[in-house]
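Inside the fold
These are the residues of each chain, in order.
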Amino acid sequence: METVTLKALLHRYNEYIGIYFDKNTALEKIIRKQPGAKWSKTNKCWYIPLNQQGYTLLVSRLKDTATINSDALKAYLQKKKAVEKTVAPKAVATPPGPEGKNTLYKKPVAPAEPHGLSPAFKLSTANLKALKDFIQQLKLKAYSPSTIRTYRNEFLQLLQLLKNKPVDKLVPDDLKRYMVFAMEKEGISENTAHSRLNALKFYFEQVLGREKFFWEIPRPKKRMILPKVISEEKILTGLLAVENLKHKTLLLLAYSAGMRVSEVIQLKLTDINSDRMQITINEAKGKKDRVVTLSETILLLLRDYYKEYKPKEWLFEGQYPGEHYSARSAQTIFKDAYKNLNLPSTASFHSLRHSYATHLLENGTDITYIQKLLGHNDIKTTLRYTHVSNKDIGKIESPLDKLMRKKGL
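Residues numbered from 1 in each chain as written. Predicted model: local features only at pLDDT ≥ 70, side-chain atom pairs only at ≥ 80, totals over all residues. Heavy atoms only, no water.

Here we take up the sheet that holds strand β9 (residues 278–284). Neighbouring strands of a sheet are bound in pairs by backbone hydrogen bonds; such pairs are parallel or else antiparallel. An order of β8-β9-β10 is seen for the three strands of this open sheet, with the pairing classed as antiparallel. The open sheet is flanked by β8 (272–273) and β10 (288–293), the only strands paired with a single partner. Across five bridges, β9 lies against β10 in antiparallel orientation. From the neighbouring strand, Ile 281 faces β10, where its bridge partner is Arg 290. (Pairing = 2+ DSSP bridges. Helix = DSSP H or I, 4+ residues; strand = E, 2+ residues; numbered from the N terminus.)

This is the structure we're talking about:
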């Protein structure tokens, strides 16, 4: 009997099952009838979509005509499964429904790989082990799931490029050349370059124990991106126009205390202290707890909200019992609230936090207090708001206006 070899095939940025055999008219007739079967001139083979249903049907049709060798395909699928296990799961949500309910899926799913391709095509056995060790060390160090995802994806970019070259054999000069390639050929930004260097630094110094390995590798100068600030008038116009009480409460609460979207959706009833007029934010960014001011206006709104929704544990509950509202749904209600106010396309839920800090500064609050309220470790992070505040800049008159006024124009 003829032997048909099945292998994983990457073709036109998608995964397929490649079907390889010596020229045989009888086999070709069978394969042509397979749903989705196509011929690739480039790879000189027939191929079908990579899925269990297609594989089972193909094997069933060929079993009396040919011997099936699917060892290479199975090895690939095992490696792919191992790579996918390194992805930190995160919940995916659809936008809120017509009644304002969050439609969070019951089971968390892993995010798609960069460009929708599986890195298993390009990872050697040694580099797959390096990826597993990398993720294990991040977890042992108790890094947050979002940081693990970021570091994992940045590290993966290098591993895919290396193919069969072991990552642990690289030296600083190799990494210098790689970062130049990433910035010039891949076109990554300065911020992405910093994230990638952080991920690589963690692997070589924390996993392999090579201290001072990165001393010779310079970091690109970061662009200073000014915060996107919404005026006080537009903040109020947008938020007060929201009809849904739950959505309005969530947005106003976030602005009133300068909270990140992840912080406001994870608030519990016990975090609201009306006696001391404080809100406790637990395990915020960097695993730090902090206390912020509870607005009197928000307290009244929260009481109305509680009467109507009667939350049990989470202040803003999701669709399923025991789950909090999703970040994606919160972003969606922000976009809906401000879609008619001509805001920049880059404005997001986080703009409420930026606006809170800027408005505090413009109203005379000391920058060190703002730093504490926002939970910044470094005062330099908070000082960004001085670049967008109108507190002093608004008092400066342009020399053109002064000249025109003198001329009576």
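So much for the structure itself; the text now carries on.
Bringing the environment of Ile 379 into the picture now. By secondary structure assignment, the location of Ile 379 is in helix α15 (residues 379–383). According to the relative accessible area criterion, Ile 379 is partly exposed, its value standing at 28%. When the C-alpha positions of Ile 379 and Ile 367 are compared, they lie 8.2 Å apart, and in sequence the two are twelve residues distant. Beyond its immediate chain neighbours, meaning those up to four positions away, Ile 379 contacts Ile 367, Thr 368 and Gln 371. (Buried < 20%, exposed > 50% of the residue type's maximum accessible area, 1.4 Å probe, protein only. Contact = heavy atoms within 4.5 Å.)

Moving on, we come to the pairing of β9. Here two bridges tie β8 to β9, and the two strands are oriented antiparallel to one another. Among the inter-strand pairings, Asn 273 is bridged to a residue of β9, identified as Gln 278.

A separate point is the packing of aromatic side chains. Going through the model one piece at a time under the given rule, you end up with 14 aromatic pairs. Aromatic side chains Phe 334 and Tyr 338 sit 4.9 Å apart centroid to centroid with 35° between the ring planes, which places their arrangement in the tilted category. On the criterion of helical spacing, the pair formed by Phe 334 and Tyr 338 is a turn pair, its members being four residues apart in helix α12 (residues 327–338). Comparing Phe 334 with Tyr 338, the two get one shared label, buried. A connected cluster of aromatic rings, assembled from ring pairs, spans Phe 134, Tyr 143, Tyr 151, Phe 155, Phe 202, Tyr 203 and Phe 204. It is Lys 7 that lies over the ring of Tyr 20; its NZ or CZ is 5.2 Å from the centre. Over the face of the ring belonging to Trp 314 we find Lys 268, whose NZ or CZ atom lies 5.0 Å from the ring centre. (Phe/Tyr/Trp six-rings, centres within 6.5 Å; stacked < 30°, edge-to-face > 60°. Lys NZ or Arg CZ within 6 Å of the ring centre and 35° of its normal.)

Its location among the elements puts Pro 220 in the loop between α7 (190–207) and α8 (232–240). Each C-alpha atom of the pair Pro 220 and Asn 191 lies 8.6 Å from the other, and the pair is 29 residues apart in sequence. Discounting chain neighbours no more than four positions away, the residues touching Pro 220 are Met 183, Glu 190, Ala 193, His 194 and Leu 197.

By size, the foremost hydrophobic cluster in this structure holds 48 residues, and its most contacted members are Leu 250, Leu 251, Leu 253, Val 264, Phe 349 and Leu 352. Secondary structure elements with two or more residues in this core: α8, α9 (245–257), α10 (261–265), β9, α11 (296–309), α12, α13 (350–362) and α14 (367–374). Ranked by residue count, the leading element in this core is α9, at eight residues. Residue contacts for Leu 250: discarding those within four places in its chain leaves Val 264, Ile 265, Phe 316, Tyr 325, Ala 330, Ile 333 and Phe 349. (Core = buried A, V, L, I, M, F, W, Y, C linked by side-chain atoms within 4.5 Å.)

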